[in-house]
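Now for the letters of each chain:
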Amino acid sequence: MFTGIIEELGRIEVIDPAGDDVRLTVHGPLVTSDASRGDSIAVNGVCLTVTDLGEAGDSASPARFTADVMPETLTHSSLGALTPGSPVNLERAVRVDARLGGHIVQGHVDGVGTIADRTPGDRWEVVRVSIPVALARYVVDKGSITLDGVSLTVSGVGTDWLEVSLIPETLARTTLGTAAVGSPVNVEVDVLAKYVEKLVGGTR
C-alpha cells in the first residue's frame, strides 16, 4: 500500500524486453537506500516488485533497482510508453507506523488518462485530464485521485475529465510539473468508491 506522497523523482536507465514483458532498471537513490529484493516500489503509480538491486559489485550502494513488468501492466498503464531517460515518480510502500499524508493508494492502475489542458496561475497550475468514461463515476469534486502515483484532490469533474490544482511542491517534485498536453498519465481512483459500489449492488 502507498500514500501517493512522492518521495523521489527517479529516472529510467534501462528497458530490457524479455518476450512480451520487459525488465525496467530505475535510478532512485532514496527509494533503494533501504530496499531489499521482494519489496514494493511504486513507479508512476504502478506497484512493482524489486527483483534486483544495483549492478554487480555495487550492492553496498545500489542507487537503482530492477523490476519485471508483465503484459497486463504494459497494456493497462503508461509504463509501456517510457524510454531510457524518462523521469518517473517513485514511492516506497508505506510503513505501518508512518503518517498517511495522502490517501490509500494500492498501486493498481485503473486506466490511462491524457493531459488535456494546463492553466497556469501565479505559482500553481490547474491541470485538466481526460479520463475513460467508465472511471468518471468514481470521481467526485473534492475527492481523492491518484495521477502517476501522486495523491491529489479533485477540483473539478465532468463526464470524461477531471481537474486538479497543482501546488508549487507538486510542480517541482513530480513528473506532473512538466507533463505536456497530450501526455498519458496513470489513473487510480479511490478504492473506497469501488467498495461502496460493490456493497450497494453495483456491477463492477
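Remember, it's a predicted structure, so these values are computed and weren't measured experimentally. (Residues numbered from 1 in each chain as written. Predicted model: local features only at pLDDT ≥ 70, side-chain atom pairs only at ≥ 80, totals over all residues. Heavy atoms only, no water.)

A. Just the overall build of the protein chain, in detail. Looking only at helices and strands, the protein chain features four helices and twelve strands. The C-alpha radius of gyration computed for the protein chain amounts to 17 Å, which stays within 12% of the reference 17 Å derived for 204 residues, consistent with globular compactness. If you line up the protein chain on its principal axes, its C-alpha atoms span 50 × 45 × 40 Å. Per-residue burial over the protein chain gives 45% buried out of 204 residues. Per element, the accessible surface of the protein chain, about 10200 Å² overall, is 54% carbon and sulfur. (Helix = DSSP H or I, 4+ residues; strand = E, 2+ residues; numbered from the N terminus. Rg over C-alpha atoms; globule rule 2.2 N^0.38 Å. Buried < 20%, exposed > 50% of the residue type's maximum accessible area, 1.4 Å probe, protein only. Areas by Shrake-Rupley, 256 points an atom, 1.4 Å probe, with all protein chains shown as cover.)

B. Quick look at the domain arrangement of the protein chain. Domain annotation for the protein chain reports domain 1 (8–92) and domain 2 (111–200). Spacing between the C-alpha centres of domain 1 and domain 2 amounts to 23 Å. Contacts between domain 1 and domain 2 engage twelve residues on the former and eleven residues on the latter. At the boundary of domain 1 with domain 2, total buried surface from both sides reaches about 800 Å², with 48% on carbon and sulfur atoms. The largest per-residue losses of area from domain 1 upon contact with domain 2 belong to Asn44, Ser78 and Asn89, which jointly make up 49% of the total buried on that side. Our enumeration of links across domain 1 and domain 2 arrives at zero salt bridges. Per-element tally for the side of domain 1 that touches domain 2: the top contributor is strand S6 (residues 87–92), with four residues. Among the residues forming the side of domain 1 that touches domain 2, the class breakdown is five nonpolar, six polar and one charged. (Domains from an automatic or database assignment. Contact = heavy atoms within 4.5 Å. Buried area = accessible area lost by both parts, 1.4 Å probe. Salt bridge = Lys/Arg side-chain N within 4 Å of Asp/Glu carboxyl O. Nonpolar A, V, L, I, M, F, W, Y, C, P; charged D, E, K, R; others polar.)

C. Highlighting the packing of aromatic side chains. Scanning all chains against the criterion turns up zero aromatic pairs. In this structure, Arg128 packs its charged tip against the face of Trp161, placed 3.6 Å from the ring centre. (Phe/Tyr/Trp six-rings, centres within 6.5 Å; stacked < 30°, edge-to-face > 60°. Lys NZ or Arg CZ within 6 Å of the ring centre and 35° of its normal.)

D. Representation of the UniProt feature "repeat: Lumazine-binding" (unreviewed entry) in the protein chain within the structure. Under the present numbering, the feature "repeat: Lumazine-binding" (unreviewed entry) in UniProt falls on residues 1–103 and 104–200. Regarding residues 104–200, the helix share stands at 20% and the strand share at 41%, and the terminal C-alpha atoms are separated by 21 Å. (UniProt positions renumbered as here; feature names shortened; annotations may be inferred.)

E. Broad picture of the environment of Arg173. For Arg173, the position within the fold is in helix H3 (residues 168–173). Residues Arg173 and Val140, 33 residues apart in the sequence, show an inter-C-alpha distance of 25 Å. If we skip the residues at most four places from it in the chain, Arg173 touches Ile6, Glu7, Leu9 and Asn89.

F. Region of the structure containing the pattern of salt bridges. Tallied over the entire structure, the rule returns 13 salt bridges. Between Arg92 and Asp34 there is a salt bridge, with the nearest N and O atoms lying 3.0 Å from each other. Taken together, the positions of Arg92 in strand S6 and Asp34 in the loop between strand S2 (21–27) and strand S3 (40–43) put the pair 58 residues apart, joining distant regions of the chain. Arg173 is the salt-bridge partner of Glu169, the closest N and O atoms lying 3.1 Å from each other. With a gap of four residues between them, Glu169 and Arg173 both fall in helix H3, about one helical turn apart. Judged by relative accessible area, which is 49%, Glu169 ranks as partly exposed.

G. Molecular detail of the sheet that holds strand S1 (residues 8–18). One closed barrel accounts for six strands, arranged S1-S2-S5-S4-S3-S6; its pairing is antiparallel. Averaged over all adjacent pairs, the angle separating strand axes in this sheet is 45 degrees, with direction ignored. With four bridges connecting them, S3 and strand S4 (residues 46–53) associate as antiparallel partners. By the bridge assignment, Ser40 is partnered in S4 with Thr49. (Pairing = 2+ DSSP bridges. Axes fitted to C-alpha atoms, helices over the stretch in contact; angles between N-to-C directions.)

H. Local environment of the sheet that holds strand S7 (residues 111–120). Strand order in the closed barrel formed by six strands is S7-S8-S11-S10-S9-S12, with antiparallel pairing between adjacent strands. Taken over all neighbouring pairs, the strand axes of this sheet differ in orientation by 45 degrees on average, direction set aside. In the sheet, S7 pairs with strand S12 (residues 184–189) via four bridges, with the strands oriented antiparallel. Counted as the bridge partner of Val112 is Asn186 from S12.

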